[in-house]
Amino acid sequence: MKAIVIEQYGNKDQLIEKEMKYPVPKENQVIVEMHATSINPIDWKLREGYLKEMLDFDFPIILGWDAAGVVTEVGAAVTNFSEGDRVFARPETTRFGTYAEYTAIDEHLLAHLPENISFEEAAAVPLAGLTARQCLVDFADIKAGDRVLIHAGSGGVGHYAIQIAKQKGAYVATTASGKNKEWVENLGVDRFINYKEEDFSEVISDFDIVLDTIGGDVQEKSFKVLREGGRLPSIVQPPDEKLAEEHEVKAGFEWLEPSGEKLSSLAKMMEEGELTSVIGHQFDFTEKGLKEAHDLSETHHAKGKIVIKIK
C-alpha cells in the first residue's frame, strides 16, 4: 500500500512516499481503508524529533493520527463493527499512523460515522475535537452559564471548543486575529477579542474556565481572568502550580486519552448540526501535499483544520 513516511527526523523534506506492507489486524482491531486524515501539531513535532524521548519509534514511521474511512476487515474478537461500516477514530499513537491507504485501529477507539457527514469533515474531528472535549467536559466540568475563554478560537482545537462550550450553554469569549472574526463569531462566540488590538487580561475577568492553547505569557496572564475556583486546562505546557495556588484555581496539562465512546458523543453532535468542522485547507495525498500541509501547520496560523484527501 502507498504511505507517506519518515525514515529519519528532520524538516518536511523527510516526508517521502513509500510502499509499505498492508496491515494485519489483531483480534481486537479492524482494518480501515482510509478516505481522509488531518494534520495536527503532533505530526510535525514528532517528525522534527521533539517527541522522541516520549515516543521512541523505529523507522520508518507513518505519521498521522486522525482516521476516517471504511472498514475492510475485522479481527476475530471485534463485535461492534463490520466490513463496509463508515467509521472515524483517533488511533493509538504508534509508528503505523494514518498517512496511508490502510491502517489498523483498535475497536474501542472507533466510532460510527453518521451518513450525513463527509469523510473529510470527519477526519478533521478526532484528535482536535476529543482534546477540546477532554479539556472542557472531563477536566473543567463545564456547566450551563459558565463563562469560558478559549484562546485561539480559529485553530483546530479552538473552533471545536467554542461549539462544545456553546452546546453546554456557556458564555464564550475567544481570542483570534481580526481576519477570523466573522466565521468564529458564526460558531456562536459571545465576546470576540482581537488579540492584536486588545489585551484579553484587561478586558475580561471573573471567568470560570480558560482553555489554554498557546502557553507562555498567555497562559500566565490567563490566571488573572479566572475567578477563585476557576479551571485552567492547557494543551501546550504544564501550568505553574504556584500561580494556580495563589489564584486558587485548578490548573493542569491535558494529554489526550482517545476514546471511541467519547468520539461517538461528538458524532451525535455532528449528526444534529451542533458540531461542524471548519476545513480551511485541503491537500492531496502526495509527498508534495503532505509537505505543504506540514509547512502550513507549522505557521500556527491555519484556519480551522488542515485535511488530506486520500480516496
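Given the structure is predicted, the values throughout are model-derived calculations rather than measurements.

Conventions used here
- Residues numbered from 1 in each chain as written.
- Predicted model: local features only at pLDDT ≥ 70, side-chain atom pairs only at ≥ 80, totals over all residues.
- Heavy atoms only, no water.
- Pairing = 2+ DSSP bridges.
- Helix = DSSP H or I, 4+ residues; strand = E, 2+ residues; numbered from the N terminus.
- Axes fitted to C-alpha atoms, helices over the stretch in contact; angles between N-to-C directions.
- Contact = heavy atoms within 4.5 Å.
- Buried < 20%, exposed > 50% of the residue type's maximum accessible area, 1.4 Å probe, protein only.
- Bend = angle between axes of the 7 residues up to and from the residue.
- Polar contact = N/O pair within 3.5 Å; in protein donor to acceptor, adjacent residues only side chain to side chain.
- Parallel < 35°, antiparallel > 145°, perpendicular 65-115°, else oblique.
- Nonpolar A, V, L, I, M, F, W, Y, C, P; charged D, E, K, R; others polar.
- Right-handed = clockwise from strand over helix to strand, strands pointing away.
- Phe/Tyr/Trp six-rings, centres within 6.5 Å; stacked < 30°, edge-to-face > 60°.
- Lys NZ or Arg CZ within 6 Å of the ring centre and 35° of its normal.
- Patch = residues over 30% accessible without salt bridge, like charges linked within 9 Å, V, L, I, M, F, W, Y side chains within 5 Å.
- Areas by Shrake-Rupley, 256 points an atom, 1.4 Å probe, with all protein chains shown as cover.
- Salt bridge = Lys/Arg side-chain N within 4 Å of Asp/Glu carboxyl O.

Focus: the sheet that holds strand β13 (residues 226-234)
Strand pairing in a sheet takes place through backbone hydrogen bonds and is either antiparallel or parallel in direction.
Okay, step 1: The sheet built from 6 strands is open, its strands ordered β11-β10-β9-β12-β13-β14 with parallel pairing. Each of the sheet's edge strands pairs with one partner strand only, and the pair in question is β11 (191-194) and β14 (250-253). Each neighbouring strand pair of the sheet contributes to a mean axis angle of 15°, computed without reference to strand direction.
Okay, step 2: Two strands pair when backbone bridges link them, and strand β9 (residues 147-150) and strand β10 (residues 171-176) are joined in this way by 4 bridges, in the parallel orientation. Looking at the pairing, Val148 lines up with Val172 of β10.
Okay, step 3: The strands touched by helix α3 (residues 126-139) within the sheet are β9, β12 (207-211), β13 and β14, with β13 carrying the most contacts at an inclination of about 145°.

Considering the environment of Cys135
Okay, step 1: Locating Cys135 in the fold gives a position in helix α3.
Okay, step 2: Beyond its immediate sequence surroundings of up to four residues, Cys135 is in contact with Ala140, Leu211, Pro233, Ile235 and Glu254.

Structural notes on the sheet that holds strand β4 (residues 61-62)
Okay, step 1: With respect to topology, 3 strands assemble into an open sheet ordered β2-β1-β4, the strand pairing being antiparallel. A single partner strand is all that each edge strand has here, and the edge strands are β2 (16-19) and β4.
Okay, step 2: Bridging between strand β1 (residues 2-6) and β4 involves 2 bridges; their strand directions are antiparallel. Bridge pairing in β4 places Val5 opposite Ile62.

Digging into unusual backbone geometry
Okay, step 1: Of note, the bond from Phe59 into Pro60 is cis; its omega dihedral lies within 30 degrees of zero at -5°.
Okay, step 2: Mapping Pro60 onto the fold places it in the loop between α1 (41-48) and β4.
Okay, step 3: The backbone phi angle of Asp141 is positive, close to 50°, even though this residue is not glycine.
Okay, step 4: Positionally, Asp141 belongs in the loop between α3 and β9.
Okay, step 5: Classification of Asp141 as partly exposed rests on a relative accessible area of 43%.
Okay, step 6: You will see that Asp206, though not glycine, has its phi angle at about 60°, which is positive.
Okay, step 7: Structurally, Asp206 is set in the loop between α6 (200-203) and β12.

Describing α3
Helical geometry: 3.6 residues make up each α-helical turn, so side chains three or four residues apart lie on a common side.
Okay, step 1: Largest kink in α3: about 25°, centred on Arg133.
Okay, step 2: The buried count for α3 comes to 12 of 14 residues, which makes it a mostly enclosed element.
Okay, step 3: Among all positions of α3, only Pro126, Leu127, Ala128, Gly129, Leu130, Thr131, Ala132, Arg133, Gln134, Cys135, Leu136 and Phe139 are buried.
Okay, step 4: Two residues or fewer past α3, Asp141 is found with a positive phi of approximately 50°.

Some details on the side chain of Ser201
Okay, step 1: Here Ser201 lies in helix α6.
Okay, step 2: Accessibility expressed as a relative area gives 17% for Ser201, which makes it buried.
Okay, step 3: Reaching out from Ser201, the side chain makes a polar contact with the side chain of Asp199 at a distance of 2.7 Å.

Comments concerning the packing of α1 against helix α10 (residues 287-298)
Okay, step 1: Packing of α1 against α10 leaves a shortest axis separation of 9 Å and a crossing angle of 100°. If you check the angle between α1 and α10, you find them roughly perpendicular. Facing α1, whose interface residues are Pro41, Asp43, Trp44, Arg47 and Glu48, α10 presents His294, Ser297 and Glu298.
Okay, step 2: Residues that form the contact of α1 with α10 fall into these classes: 2 nonpolar, 2 polar and 4 charged.

Topic: the pairing of β9
Okay, step 1: With helix α4 (residues 156-167) bridging β9 and its parallel neighbour β10, the resulting β-α-β unit is right-handed.
Okay, step 2: Where β9 lies against β12, 3 bridges are found, and the strand directions are parallel. Paired with Ile150 across the bridge in β12 is Leu211.

Quick look at the packing of aromatic side chains
The description of two aromatic rings rests on the distance between their centres and on the angle between their planes.
Okay, step 1: Overall, the coordinates contain 3 aromatic pairs when judged by the stated rule.
Okay, step 2: Measuring from centroid to centroid gives 6.2 Å for Tyr171 and Phe207, while their planes differ by 65°, and the two rings are edge-to-face. Of this pair, Tyr171 sits in strand β10 while Phe207 sits in strand β12, and the two are 36 residues apart along the sequence.
Okay, step 3: Judged by its relative accessible area of 31%, Tyr171 is partly exposed.
Okay, step 4: With a relative accessible area of 1%, Phe207 lands in the buried category.
Okay, step 5: In this arrangement the basic side chain of Arg147 is found over the ring face of Tyr171, its NZ or CZ atom lying 5.2 Å from the centre.

A word on a nonpolar patch on the surface
Okay, step 1: Together, Met54, Phe253 and Trp255 make up an exposed nonpolar region whose accessible area comes to about 310 Å².
Okay, step 2: Structurally, Phe253 can be placed in strand β14.
Okay, step 3: Accessibility expressed as a relative area gives 35% for Phe253, which makes it partly exposed.

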